[in-house]
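Now for the letters of each chain:
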Amino acid sequence: MKPPRLQKGDKIAIVSPASAIAAYVPRRLARGIATLEKMGFEVVLMPNATAVHSHTAGTIGERLQDLHMAFADPSIKAIISTIGGFNSHQLLDELDYELIRNNPKIFVGFSDITALFAGIYQQTGLTTFVGPALLTQFGQFDGLDPYTEESFNRTFMQTEPIGRIEASEEWTDEILRWDVADDRRREHQVNAGYTIVKTGVAEGPILTGNTGTLLLLAGTPYLPSFDGVVLMLEDDESESPETIDRYFTQLRHMGAYDKIAALVVGRFPRKVDFDPEFPLKDIILRATRGYDFPIILDADFGHTDPVATLANGIQIRVEATDSVTLDVLEAAVE
């Protein structure tokens, strides 16, 4: 089930399903809203988007209220998360999936919001989207990176097949303290492009998100099927080589590698600090030993910028031969 496409003049709701950070960075929040307005959208900050309840953006009830209001309001055409966090999965038991199923609309963000994207996709069949969030991407000093904006527009504002996901020309993982030091464009470096770990050609529906968050859903009714998917995973700078190794080994033990068609991994921030003598490539080769599906690293999604927007359930073709092509074969909206 695909949501209706986005058009200029449409109303976009801003929600905080996990972290309360939006309450502490009002300038960054205002910049993100201003970026969306400059793009031609009307922005609605939901009532609890800047709420604080200990380490979450409001109580479970308050966060659910914002999501349910946004899905129920026919004037709202898309929902964007302020940021991720740690606890959006707290909402899964009490989400009104029937309401969501009957009011399909664009819901986009990344990181911890993976729990909601996966749960909604599994429970309703609605395509959900891993892509830019309000604070992290729209709220940058110079707004959206051109690559991020182009991918956002191509995914949400057209009904033709999305087409090729090219590698960006440059990328950054520089951290500038929000509302204190984020008064300039971050320093970027030349992008060396995709890294091929295993060659091959595959096609299947996208299943994407934050690795650690997706694995929180193992053994629950909220984890989507791995059957035939192109698994597109990322994670953040708080992880380490040890935890990344743990995650990819857990996928092995869950039988994911028996089912998936391909594995595409988003670029990790340099802070993760992989051992040059045993880099990420070797960690993944060890975890996937005995399997022969194509594996690609350093794609433009996750916790570095810019980011492509990825759609759960949408068909993609992966070719990893002498070079890499990622072609999204259909539209993500109607």
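Residues numbered from 1 in each chain as written. Predicted model: local features only at pLDDT ≥ 70, side-chain atom pairs only at ≥ 80, totals over all residues. Heavy atoms only, no water.

**Examining the packing of aromatic side chains**
The geometry of an aromatic ring pair is captured by two quantities: the separation of the ring centres and the angle between the planes. In plain terms, the rule: The aromatic pairing rule takes the rings of Phe, Tyr and Trp, using the six-membered ring of Trp, and pairs them if the centres are within 6.5 Å, calling planes under 30 degrees apart stacked, those over 60 edge-to-face and the rest tilted. Under the DSSP-based scheme used, a helix requires at least four consecutive residues in state H or I and a strand at least two consecutive residues in state E, with every element numbered from the N terminus. When accessible area is computed with a 1.4 Å probe and restricted to protein chains, residues below 20% of their type maximum are described as buried, those above 50% as exposed, and intermediate ones as partly exposed.
One pass over the structure, following the stated rule, counts 10 aromatic pairs. Between F138 and F152 the ring centres are 5.6 Å apart and the planes differ by 85°, which places this aromatic pair in the edge-to-face class. Remark: F152 occurs in helix α6 (residues 146-156) and F138 occurs in helix α5 (residues 134-138); sequence separation between them is 14 residues. F152 sits in the buried class, given a relative accessible area of 1%. One aromatic cluster in this structure is built from F129, F138, F152 and F156.

**So, the packing of helix α8 (residues 241-253) against helix α9 (residues 280-287)**
Inclusion rule: Fitting a line to C-alpha atoms yields each axis, with helices limited to the stretch in contact; the angle taken between N-to-C directions then spans 0 to 180 degrees. The cut-offs work like this: below 35 degrees is roughly parallel, past 145 is roughly antiparallel, 65 to 115 is roughly perpendicular, and the gaps in between are oblique. Helix crossings get a hand from a simple test, with the near helix turned counterclockwise from the far one by less than a right angle marking a left-handed crossing and a clockwise turn marking a right-handed one. In what follows, a contact means two residues having at least one pair of non-hydrogen atoms within 4.5 Å. Under the scheme applied, nonpolar residues are Ala, Val, Leu, Ile, Met, Phe, Trp, Tyr, Cys and Pro; charged residues are Asp, Glu, Lys and Arg; polar residues are all the others, including Gly.
Running from N to C, α8 and α9 point in directions that differ by 25°, and their axes come no closer than 9 Å. As judged from the angle between their axes, α8 and α9 are roughly parallel. Considering only the axes of α8 and α9, their crossing is right-handed. Where α8 approaches α9, its residues P241, I244, D245, F248, T249 and R252 are matched on the opposing element by L280, I283, I284, R286 and A287. Partitioned by chemical class, the residues of the contact of α8 with α9 number seven nonpolar, one polar and three charged.

**Quick look at the sheet that holds strand β6 (residues 163-164)**
Our working rule: Should DSSP find at least two bridges between two strands, the strands are taken to pair.
Strand order across the open sheet formed by eight strands is β6-β16-β15-β10-β11-β12-β13-β9, with mixed pairing between neighbours. Of all strands in the sheet, those with a lone pairing partner are β6 and β9 (195-198), marking the two edges.

**Some thoughts on the UniProt feature "domain: LD-carboxypeptidase C-terminal" (unreviewed entry) in the chain**
The following threshold applies: UniProt positions are given in the numbering used here, feature names are shortened, and annotations may be inferred rather than shown by experiment.
According to UniProt, the feature "domain: LD-carboxypeptidase C-terminal" (unreviewed entry) maps to residues 203-318 in the numbering used here. Along residues 203-318 one finds 23% helix and 25% strand; the C-alpha atoms at either end are 6 Å apart.

**Overview of the UniProt feature "domain: LD-carboxypeptidase N-terminal" (unreviewed entry) in the chain**
In the UniProt entry, the feature "domain: LD-carboxypeptidase N-terminal" (unreviewed entry) is given for residues 12-131. Helix makes up 36% of residues 12-131 and strand 17%, whereas the separation of the span's terminal C-alpha atoms amounts to 15 Å.

**Examining the pattern of salt bridges**
Here is the rule we go by: Salt bridge, as used here: a side-chain nitrogen of Lys or Arg that lies within 4 Å of a carboxyl oxygen of Asp or Glu.
Counted by the stated rule, this structure contains 18 salt bridges. Its salt-bridge partner being D327, residue R164 comes within 2.7 Å of it at the nearest N-O pair. One end of the pair, R164, is in strand β6; the other, D327, is in strand β16 (residues 324-328), with 163 residues separating them in the sequence. Measuring nitrogen to oxygen at the nearest pair gives 3.8 Å for the salt bridge that ties E203 to R317. With E203 in strand β10 (residues 200-210) and R317 in strand β15 (residues 315-320), this residue pair connects regions lying 114 residues apart in the sequence.

**Some words on the sheet that holds strand β3 (residues 76-81)**
With mixed pairing, the six strands of this open sheet are ordered in space as β2-β1-β3-β4-β5-β14. Lying at the two open borders of the sheet, with one neighbouring strand each, are β2 (42-45) and β14 (310-311). As judged from the three bridges shared by β3 and strand β4 (residues 106-109), these two strands associate in the parallel manner. Counterpart to I80 in the pairing with β4 is V108. Helix α4 (residues 114-124) rests against β4 and β5 (129-130) of the sheet, and its axis sits at about 150° to β4.

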